[in-house]
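# Inside the fold
Given next are the chains, with one letter for each unit.
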Amino acid sequence: ESCGVAGQASSSVREKGNKHREEYRTETGDARLWAHQNERLARYVLSKTPPVLLDNPTTAHKDGRPAENTRSLDEYLRWRRWPLAGTPPFDTENQIMASKLLSHPLTYPLTLGNSIPALFFDDQSKETIRICCIGARAEASLPHDYWREMLIMASLSHSCRHWHIDFVGPDVPQNLPPQTIHLSFDTSAASHNEKDQDGDSSTHSSLTMRFFRAPTFHELVESPNNTLHMNDWDGFVLFNPGLGHANLEDGWKDTLDLLFFHAKKPLLLTAHSVLDAQRDTTVLLQKYVDSFDKTHLHYSTNPFASRMEYVDPLFHNSDSSIDHDDTDITTGKHVVSPNHSVLTIRFPPRET
């Protein structure tokens, strides 16, 4: 039953994901090769984040409906007036390649920002929301200009003013101090250390990031010297965790037990591909389905997925329990892209 439901849960994402993947394979080619051949243009695209304009946040939908300008990466880039179109020396081909390159660093903040309504739709009255990003890797090292986009995206659908993200994992850079990004209506957003911004009355909203290098999340929170507690966070994010990957599944068990049996806070999960989403769904159904309503266990295609593709070096086409009949598998290889699929999980209210 679990495998059958896993296949059913990913049927819609397979159909849409295949179309999405094939469009960008045929239209854009390899963005890495383009960046290597057009180093100056690539550097320009990645370094020219646009300022926050006065009219940017005014289209917010506080009832949780997605704003029209956040339905896809291309619409978001146009709305933010990212310097891709109409800016020499960009022609159509270069614009497409540039947006594909840009999708990679933006996938983490925009995927989270776009998921805020689903995660916290009943927390509109909160002044502060705290999120823990478990197993953080590349997302913990992004320049602040990119994480500022999460703050902009969140402002479109949620009234919370102060956001906190704690990055936890063995790949989190060591000894990084807390950092805060401030978003203002009257000036461009700026990134500064937390201590530099106390008392800034012009701040509209803020995102504070803390960094915790630890072998695993459960080891961190269960450590006797730890000052962090499960109740410190309002929700959790796992970007491309590989919960059902043969090489990773055992390592996630203790952390997932804490999240599903103890914390029971909103969860955002992403997957690298249709196959990755199937494997993760199987694990969730087999071990944690009694914790939440499985009818909501449906990965969907992420409009803010990275358009950069990679071959999974650890893939072995030997698991007969998983349906491999999709375009993630080409010539026997598993092609993945960060945050290809997205899932939000909410738990029933706690009994009082």
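Worth saying up front: this structure is predicted, and the values here are computed from it rather than measured.

Thresholds applied
Residues numbered from 1 in each chain as written. Predicted model: local features only at pLDDT ≥ 70, side-chain atom pairs only at ≥ 80, totals over all residues. Heavy atoms only, no water. Helix = DSSP H or I, 4+ residues; strand = E, 2+ residues; numbered from the N terminus. Expected span 1.5 Å × (residues − 1). Buried < 20%, exposed > 50% of the residue type's maximum accessible area, 1.4 Å probe, protein only. Phe/Tyr/Trp six-rings, centres within 6.5 Å; stacked < 30°, edge-to-face > 60°. Lys NZ or Arg CZ within 6 Å of the ring centre and 35° of its normal. Axes fitted to C-alpha atoms, helices over the stretch in contact; angles between N-to-C directions. Parallel < 35°, antiparallel > 145°, perpendicular 65-115°, else oblique. Left-handed = near helix turned anticlockwise from the far one by under 90°. Contact = heavy atoms within 4.5 Å. Nonpolar A, V, L, I, M, F, W, Y, C, P; charged D, E, K, R; others polar. pLDDT = per-residue confidence, 0-100.

With 12 residues, helix α7 (residues 144-155) should cover 16 Å at 1.5 Å per step; its first-to-last C-alpha distance of 17 Å lies within 8% of that length. The element α7 is largely enclosed, with a buried count of 11 among its 12 residues. Those residues of α7 not exposed but buried are His-144, Tyr-146, Trp-147, Arg-148, Glu-149, Met-150, Leu-151, Ile-152, Met-153, Ala-154 and Ser-155.

Moving on: the packing of aromatic side chains. Two measures describe an aromatic ring pair: the distance that separates the ring centres and the angle between the ring planes. By the definition in use, this model includes 14 aromatic pairs. When the centroid spacing of 5.9 Å and the interplanar angle of 80° are considered together, the rings of Phe-217 and Phe-236 count as edge-to-face. With Phe-217 in helix α8 (residues 217-222) and Phe-236 in strand β6 (residues 235-238), this pair connects stretches of sequence that are 19 residues apart. For the pair shown, Phe-217 and Phe-236 are each scored as buried. Summarising the aromatic geometry, the rings of Phe-260 and Phe-347 are spaced 5.6 Å apart at their centres and angled 70° between planes, so their arrangement reads as edge-to-face. Of this pair, Phe-260 sits in helix α9 (residues 249-263) while Phe-347 sits in the segment after β12 (341-345), and the two are 87 residues apart along the sequence. According to the relative accessible area criterion, Phe-260 is buried, its value standing at 1%. When its relative accessible area of 12% is taken as the criterion, Phe-347 is described as buried. Here the aromatic cluster, defined as three or more aromatic residues joined through ring pairs, consists of Phe-260, Phe-261, Tyr-288, Phe-292 and Phe-347. Positioned above the aromatic ring of Tyr-310 is the side chain of Arg-32, whose terminal nitrogen or guanidinium carbon lies 4.6 Å from the ring centre.

In this section: the packing of helix α6 (residues 92-120) against α7. Angle between the axes and distance between the axes: these two values describe a pair of packed helices. It is the contact of α6 with α7, at a shortest axis distance of 8 Å, that shows an interaxial angle of 30°. Here α6 lies roughly parallel to α7, going by the angle between them. Crossing hand, α6 versus α7: right-handed. Facing α6, whose interface residues are Leu-102, Pro-105, Leu-106, Tyr-108, Pro-109, Leu-110, Leu-112, Gly-113, Asn-114 and Ile-116, α7 presents Tyr-146, Trp-147, Glu-149, Met-150, Met-153 and Ala-154. Of the residues belonging to the contact of α6 with α7, the class tally is 13 nonpolar, 2 polar and 1 charged.

In the predicted model, the protein chain carries a mean pLDDT of 79, and 74% of its residues have values of at least 70. Scored below 50 in pLDDT, residues 325-329 shows 20 contacts in the model against residues more than four places distant or in partner chains.

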